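# Architecture and fold: a report
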Amino acid sequence: MPWDSASFARNGESSRIPTGKDGPLENTAIDHVNTAFVTAIVTVATIGGFMFGYDSGVINGTQEGLNQAFDLGRLGTGLNVGAILIGCAIGAFAAGRLADLIGRRGVMLLSAVFFIASALAAGAAGSSAQFIIARIVGGFGVGAASVLSPVYISEVAPAGIRGRLSSLQQIMIIIGLTGAFVANYALAHHAGGSTATFWAGYPAWRWMFWMQVIPATIYLLALLGIPESPRYLVMKGREQEGRNVLTRLFGATEARAMVRDIRASLAVDHHRPKLADLFDRATGRVRQIVWAGLGLAIFQQLVGINIVFYYGAVLWQSVGFSEDDALKINILSGSLSIIACLATVGLIDRIGRRPILLIGSAGMAVMLAIVAASFATATLVDGRLTLSDNAGLVALVAANAYVVFFNFSWGPVMWVMLGEMFPNQIRGSALAVTGFAQWMANFAIAVSFPALAASAGLVATYGFYAASAFVSYFFVRSMVRETRGLELEEMSG
């Protein structure tokens, strides 16, 4: 990816960017950027996003096999499917803290090991309990990758293109989801069904999990070829190692200046990062920047996007679409998601993070309200909700427009912001709590949807998501600061 030069160059030891109300007025330009090296290590880091998506999506298509193998009821199916989210929350929290102890690359290596172990154990599970444990272990990997891949990218990428490179994470997540769906379909198709016997006498659904070992092993081996985050190395007092990495990235002159800036950005006493750093030492209260991160993490889930991914086919069938049409709608939503993310890659470093979030919040609120209004016109036919042709078309268009707005804004930008918005001293601890909050919100929304839709109805359910998107607009306006073009050492809070 080409490096965009700007007119403002570093002069002396530090480059401070003039800022306005909404953020920097212009970007930094670094005299020398090893574009090939930056691209290579960012590519490796984004494989973590692919694994995030693949491990989340591989469960789709295996439920029938799980039910037959373990004689599951509705509750058992829910626990087997949802177990990964518990692991994700734990993994995200632990990864944020471990990242300050063993390094960003070290945690990503650990997540790759979890992916491999989970895939092998889930495919070989002889009981529901063994399967749940295996999926929780996989969740450790997903949670770790979800917070560490973006932060690693933010710590090695030039400020002027950091947003673009970090946004690639969301694209890789969607590609990973799609990859899992394609692999599962291919295995079931060749075997004659997900429960049919396939290679070595094992049913196809078990091979769906074992196939994950291939990309996970590629991820593990690729990680061995990239360096540790230079900012982590300087933070740990390994300045020469950090300077060596920065020199390969940006050249010797820039590396020396950046090491000085990194040192200066750390706490005055340079103590080991800890959770207590999240509190303002003067007031004893949680720092405002932490509240901003928590809000971003939670609102991303309160708008209900994972209902589309987890229950999309069931939802559309519930209002009269055939199963075949419902699956086609899911494919359409996935394709639109990738296109929307590509638009973000092109714009995030031009117009900034905050404007994109505001556009997304406003767009999602309107589209979700239209979906809710469309569902309000549904009638019961033979015991099931049915939309008229016009209402069904309106709901379909509005729902896919909502997916586009999300994947243009809150989908990629939330991860970009969490990876870059926190000061160096608190980044690991802040990621621990915000990543945990994001996955717990994901779990709460996913688990509550069936009961909420059954008791309150789809109108009230989607009305709640619309209201959350509406509130998120004002949250961004009041709490979120622009980070476009700022070096990580310039983050405050």
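Residues numbered from 1 in each chain as written. Predicted model: local features only at pLDDT ≥ 70, side-chain atom pairs only at ≥ 80, totals over all residues. Heavy atoms only, no water.

### Side note on the overall build of the protein
- Each helix and strand counted, the protein has 19 helices and six strands in total.
- Out of the 493 residues belonging to the protein, those deemed buried represent 57%.
- Long-range pairs, those at least 24 residues apart, make up 80% of the contacts in the protein with a sequence separation of at least 6.
- Here the protein has roughly 19300 Å² of accessible surface; of this, 64% comes from carbon and sulfur atoms. (Helix = DSSP H or I, 4+ residues; strand = E, 2+ residues; numbered from the N terminus. Buried < 20%, exposed > 50% of the residue type's maximum accessible area, 1.4 Å probe, protein only. Contact = heavy atoms within 4.5 Å. Areas by Shrake-Rupley, 256 points an atom, 1.4 Å probe, with all protein chains shown as cover.)

### Overview of the environment of Arg256
- Looking at where Arg256 falls in the secondary structure, it is placed in helix α11 (residues 252–265).
- Sequence separation between Arg256 and Glu239 is 17 residues; the distance between their C-alpha atoms is 9.9 Å.

### Some thoughts on the packing of helix α12 (residues 288–302) against helix α17 (residues 410–420)
- Running from N to C, α12 and α17 cross one another at 155°; their axes reach a closest spacing of 10 Å. Classified by the angle between their axes, α12 and α17 sit roughly antiparallel to one another. Here the hand of the crossing between α12 and α17 comes out left-handed. Contacts between α12 and α17 involve Gly293, Leu296, Ala297, Phe299 and Gln300 on the former and, on the latter, Trp410, Gly411, Met414, Trp415, Met417 and Leu418.
- Tallied by class, the residues present in the contact of α12 with α17 amount to eight nonpolar, three polar and no charged. (Axes fitted to C-alpha atoms, helices over the stretch in contact; angles between N-to-C directions. Parallel < 35°, antiparallel > 145°, perpendicular 65-115°, else oblique. Left-handed = near helix turned anticlockwise from the far one by under 90°. Nonpolar A, V, L, I, M, F, W, Y, C, P; charged D, E, K, R; others polar.)

### What about a nonpolar patch on the surface?
- Together, Phe93, Leu275, Phe436 and Met440 make up an exposed nonpolar region whose accessible area comes to about 310 Å².
- In this structure, Met440 sits in helix α18 (residues 427–455). (Patch = residues over 30% accessible without salt bridge, like charges linked within 9 Å, V, L, I, M, F, W, Y side chains within 5 Å. Salt bridge = Lys/Arg side-chain N within 4 Å of Asp/Glu carboxyl O.)

### Some thoughts on the nonpolar core
- Of all hydrophobic cores here, the largest spans 136 residues; its most connected members are Leu249, Leu296 and Tyr462.
- Dropping the residues within four chain positions of it, Leu249 is found in contact with His32, Val33, Asn34, Phe37, Val38, Ile41, Val156 and Pro230. (Core = buried A, V, L, I, M, F, W, Y, C linked by side-chain atoms within 4.5 Å.)

### Points about the environment of Ser166
- Secondary-structure assignment places Ser166 in helix α6 (residues 162–191).
- When its relative accessible area of 1% is taken as the criterion, Ser166 is described as buried.
- The spatial distance from the C-alpha of Ser166 to the C-alpha of Val345 is 8.5 Å, given a sequence separation of 179 residues.
- Residues in contact with Ser166, not counting those within four places in the same chain, are Pro150, Ile153, Ser154 and Val416.

### Points about the side chain of Thr434
- Tracing the backbone shows Thr434 in helix α18.
- A distance of 3.5 Å separates the side chain of Thr434 from the backbone oxygen of Leu431, its partner in a polar contact.
- Beyond its immediate chain neighbours, meaning those up to four positions away, Thr434 contacts Val290, Gly293, Leu294, Ala297, Leu418 and Phe422. (Polar contact = N/O pair within 3.5 Å; in protein donor to acceptor, adjacent residues only side chain to side chain.)

### What to know about α17
- With respect to burial, α17 is a largely interior element, 11 of its 11 residues being buried.
- Along α17, the residues classified as buried are Trp410, Gly411, Pro412, Val413, Met414, Trp415, Val416, Met417, Leu418, Gly419 and Glu420.

### Things to note about the confidence of the model for the protein
- Predicted confidence across the protein gives a mean pLDDT of 81, with 85% of residues reaching 70 or more.
- The element-level mean pLDDT for the protein is lowest in strand β1 (residues 8–9), coming to 30, with helix α8 (residues 213–223) highest at 95.
- This model gives residues 1–30 a pLDDT under 50, and the stretch forms 78 contacts once residues within four places in sequence are excluded. (pLDDT = per-residue confidence, 0-100.)

### Here's the deal with the packing of helix α5 (residues 128–156) against α17
- At their nearest, the axes of α5 and α17 sit 8 Å apart, and the two run at 65° to each other. Judged on the interaxial angle alone, α17 and α5 are roughly perpendicular. Once α5 is placed against α17, the crossing between them reads as right-handed. Facing α5, whose interface residues are Ser146, Val147, Pro150, Val151 and Ser154, α17 presents Trp415, Gly419 and Glu420.
- The residue inventory of the contact of α5 with α17, partitioned by class, reads four nonpolar, three polar and one charged.

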